[in-house]
Each structure stands twice: as structure tokens, then as C-alpha cells.
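Spelled out, the chains give:
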Amino acid sequence: MIETYLLEQFAAFARFGTLLKASEELHITQPTLSRSMKKLEEELGVSIFHRENSKLSLNETGKVAAEYAKKALQANQDLIDHVLAHDRSLRTVSIGSSSPFPINELMPTLQEYLTEKTILTELVDTDEHLLTGLKNRRYDIIILHSLPEDKALYCQRYMDEQICLTVDENHSFAKKKSISFAEMRGMRILVSGRIGFWMDICKKHLSESDLLIQTSSEALGELIEASTLPFFNSDRMIEMGYQTPGRVSVPIGDEDAHATYWAACRTSDQNKYRAIFNAVRSYTLRHKTRNSR
């Protein structure tokens, strides 16, 4: 068996091309690296270097060896990554979402059914990022704002969300049944910096000068309380009580101001998270029944 440190040093030499550059990268001396390369040759039992005037370079066999060394190191790293990921999966469940409200709403269910697990959550901007993360086992469950077509995924419709603009009750928009993004252009609108994919929707329709983006929830709340500036809200947030006295929330009528969320996991994990998805289904049915009354 060839020791890993020899392969790492050999791969560094192959990458940088000289003992000087490779030794600097590895933080070892040139003589130490030179001895390691000689030991590697002895263990392989073949010559892998050209030696001319104290200059070392790979011969044809050495170039082949370098490719296999790179693959061996990658396989070694893959082993470490997969073992660590498996160990983490025994103790944690990682949830990714493209929007903050669905993951906040799902958290009590997760805590109820995953009592012995540490729940990690992450808010990202795109469904593509979530799907890649699910396939790479970065996430165990994801919440998307579009239905994926991948048959390797198990999906359950979760909820809908409609974005609104909340304005002062004396604002000209306050009596409207709905407004469009086009009507908002040129206004100064407060918006949280942590709204996932909704930020891309806002930037698609409005200029950056229209958006007063606040990275701090506390600062956003203080500005809402101290001013009459409009701010983005949603029907879901309003249902939860996030409505400011003296303000009116007007739905935004553009098609992409409405989202349908889907919870998804790998099909192979469907049974593991069956209770979670049954709860998601029940949530959807309860909300549908409530809205139909």
C-alpha cells in the first residue's frame, strides 16, 4: 500500500511541475519532497521521472501515475465525505427551502416527528440549488416553488403564498383590490434581505433603487414602525398576524407574485420521512377546506 502522503506530494508535484513550487505549496523543504518522490518510485518499482541536471520532470509512465494518484486521492476524499455524511444523517436532518415562510411553518412538524434529531435549515435562492443539494445529500428534505419532474424524487404539494404590498391606510393604493409590479416602479419599498427566490422576483420587476433591502429583521421592523414606507408582505404572513395597525395589504396581481410550494425528498427516503409528508398532506387539506368555506 502506498501511503497517502506520498500520493498527495506526488499530485502536488504533477500539478506545479517543479520541486520548488510543490514544496512551497506543501510547506515542506525541497530535499524532503525529493526523498518522497524517490521513495514513491521505489514502491512502484518503475521509473516515473526524468532527471536532468538536478531537474525533475514526469516521464510518460509518471504522467499515467499522476492521473491515477489524482483518482486515488479523490476516491479517498469521497470515502471520507460519504462516511461523515452518513454519520451526520444519523444525528441530523437538513432542510433546504427557497422561501422562508414554508420552512418556518414546517418546523413544529419536524420537531414533533424528529425528536432525536438535530434539525438544520438553510434558505437558498433557487430550486436548482436545492435539487442539486438533495441529490448530493446536502439536504434530506427540500421545499421548492415549482414541481420537479425528476422521478427519483418523492414530492407532496404543501402550500400557496401570495405576495402583497403593505401600504399606509391613506396611500392611493389602499383602496385597490390588487396592484401590479409596474404600478410600483419609482416607489421606495422596504424589503427583507432574507426572502429567498422572492428577491429575484422583486429585482426582475423593479429597479434596485426601488428596493430598500434590510439584512436585519430588527432594523426592518424599526423602519416599518417609524415610517409610512410600503413593504412587502404575504397572505400567509398576514394570517399569522404580521399586519401592522394603520396599514393595508394589497395583493400583487402579477402571475409570478403567487407561488405553490412542494416538499420533496429522495424516493429512497420516502418511507423514512413518511410521517412528515403525511403531515404536509394534512396541512394542505386543512387549509384547502378552510379556504373553501
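Residues numbered from 1 in each chain as written. Predicted model: local features only at pLDDT ≥ 70, side-chain atom pairs only at ≥ 80, totals over all residues. Heavy atoms only, no water.

### Points about helix α6 (residues 127-135)
Our working rule: The buried label applies to any residue whose accessible area, calculated with a 1.4 Å probe on protein chains only, is under 20% of its type's maximum; exposed applies above 50%, and partly exposed to all values in between. Comment: elements are numbered from the N terminus, with helices defined as DSSP H or I runs of at least four residues and strands as E runs of at least two. Each C-beta atom gives one direction from the helix axis, and the arc is the one those directions make. We call two residues in contact when some of their heavy atoms are within 4.5 Å.
If you check which residues of α6 are buried, you get Asp-127, Leu-130, Gly-133 and Leu-134. What you see down the axis of α6 is that its buried residues fit within an arc of 125°, all on one side. Summarising the geometry of α6, the exposed residues directed more than 90 degrees from the buried face are Glu-128 and Lys-135. Where α6 is buried, its residues meet β3 (92-97), β5 (141-144), β6 (153-168) and β11 (258-266).

### What to know about the packing of helix α1 (residues 4-16) against helix α3 (residues 30-44)
Worth spelling out the cut-off: In this analysis an axis means a line fitted to C-alpha atoms, helices contributing only their contacting stretch, and an angle means the value between N-to-C directions, from 0 to 180 degrees. In these notes the angle categories are as follows: under 35 degrees is roughly parallel, over 145 is roughly antiparallel, 65 to 115 is roughly perpendicular, and the rest is oblique. Handedness of a crossing is defined here by the sense of rotation of the near helix relative to the far one, left-handed for an anticlockwise turn of less than a right angle and right-handed for a clockwise turn. In the scheme used here, Gly and all other residues not listed as nonpolar or charged are polar, with Ala, Val, Leu, Ile, Met, Phe, Trp, Tyr, Cys and Pro taken as nonpolar and Asp, Glu, Lys and Arg as charged.
Where α1 contacts α3, the axes come no closer than 10 Å and their chain directions differ by 110°. Classed by the angle they form, the pair α1 and α3 counts as roughly perpendicular. Our pair here, α1 against α3, has a crossing hand that is left-handed. Contacts between α1 and α3 involve Tyr-5, Leu-6, Gln-9, Phe-10 and Phe-13 on the former and, on the latter, Leu-33, Ser-36, Met-37, Lys-39, Leu-40 and Glu-43. In terms of residue class, the contact of α1 with α3 is built from seven nonpolar, two polar and two charged.

### Details of the state of the cysteines
Put simply, the test is: To count as a disulfide, a pair of cysteine sulfur atoms needs to be within 2.5 Å.
Across all of its chains, the model carries zero disulfides by this definition. Between Cys-155, a free cysteine, and Cys-265, which holds the nearest cysteine sulfur, the sulfur-to-sulfur gap is 8.1 Å. With a relative accessible area of 21%, Cys-155 lands in the partly exposed category. Here Cys-164 stays free of any disulfide, with the sulfur of Cys-202 as its closest cysteine sulfur at 12 Å.

### A short note on the packing of aromatic side chains
To keep it simple, the criterion reads: Two aromatic rings from Phe, Tyr or Trp, using only the six-membered ring of Trp, form a pair when their centres are within 6.5 Å; if the ring planes differ by under 30 degrees the pair is stacked, by over 60 it is edge-to-face, and anything between is tilted. When the NZ atom of lysine or the CZ atom of arginine is within 6 Å of a ring's centre and also within 35 degrees of its normal, the charge is said to sit over that ring.
Scanning all chains against the criterion turns up six aromatic pairs. For the pair Phe-13 and Phe-49, a centre-to-centre distance of 5.6 Å together with 80° between the ring planes defines the contact as edge-to-face. One end of the pair, Phe-13, is in helix α1; the other, Phe-49, is in strand β1 (residues 49-52), with 36 residues separating them in the sequence. The exposure classification of Phe-13 matches that of Phe-49, with both residues buried. Between Phe-197 and Tyr-261, the ring centres sit 6.5 Å apart and the planes meet at 75°, which makes this aromatic pair edge-to-face. Separated by 64 residues along the polypeptide, Phe-197 in the loop between β7 (189-192) and α8 (198-205) and Tyr-261 in strand β11 bring together distant segments of the chain. Judged by relative accessible area, Phe-197 falls into the buried class, the value being 5%. Taken together, the ring pairs connect Phe-10, Phe-13 and Phe-49 into an aromatic cluster. Looking at Lys-71, its charged tip hangs above the ring of Tyr-68, at a distance of 5.2 Å from the centre.

### Some details on the environment of Glu-67
Counting through the fold element by element, Glu-67 comes out in helix α4 (residues 60-91). Here Glu-67 falls in the partly exposed class, since its relative accessible area comes to 47%. Between the alpha carbons of Glu-67 and Ala-11 there is a distance of 8.4 Å; along the sequence they are 56 residues apart.

### Quick word on the pairing of strand β2 (residues 55-58)
Selection criterion: Note on pairing: DSSP must find at least two bridges between two strands before they are called paired.
Residues Leu-56 and Leu-58 of β2 are buried on one face, while the alternating residues Lys-55 and Ser-57, pointing to the opposite face, are not. The turn linking β1 back onto β2 is made up of two residues, and Asn-53 within it adopts a positive phi angle of 50°.

### Quick notes on the pattern of salt bridges
This is how the line gets drawn: Salt bridges are identified by distance alone: a Lys or Arg side-chain nitrogen within 4 Å of an Asp or Glu carboxyl oxygen.
Inspection of every chain in the model, using the stated rule, returns twelve salt bridges. The partner of Glu-60 in a salt bridge is Lys-63, and the shortest N-O contact between them spans 3.4 Å. Taken as a pair, Glu-60 and Lys-63 lie in helix α4 at a separation of three residues, close to a single helical turn. In this structure Glu-60 comes out as exposed when scored by relative accessible area, which is 59%. Take Lys-63: its relative accessible area is 43%, and that puts it in the partly exposed class.

### Considerations on helix α2 (residues 19-26)
Taken together, the buried positions of α2 are occupied by Leu-19, Ala-22 and Ser-23. Buried positions in α2, seen along its axis, are confined to an arc of 100° and lie on one side of it. In this fold, the buried residues of α2 make contact with α1, α3 and β2. Looking one or two places after α2, you find His-27, whose phi comes out positive at around 60°.

### Let's talk about the side chain of Gln-162
Convention followed: Residues adjacent in sequence count toward polar contacts only when both atoms are side-chain atoms; beyond that, a polar contact is any pair of N or O atoms within 3.5 Å, and within protein one must be able to donate a hydrogen and the other to accept it.
Tracing the backbone shows Gln-162 in strand β6. Polar contacts involving the side chain of Gln-162 include one to the main-chain carbonyl oxygen of Ala-257, which spans 3.4 Å. Here Gln-162 is in contact with Asn-233, Ser-234, Asp-235, Pro-251, Ile-252, Ala-257 and His-258, once residues within four sequence places are set aside.

### Here's the deal with the side chain of Thr-260
With respect to the helices, strands and loops of the structure, Thr-260 is situated in strand β11. Within the structure, the side chain of Thr-260 is placed 2.7 Å from the side chain of Asp-160, a separation counted as a polar contact. With residues near it in sequence (within four places) discarded, Thr-260 still touches Leu-144, His-145, Ser-146, Arg-157, Met-159 and Asp-160.

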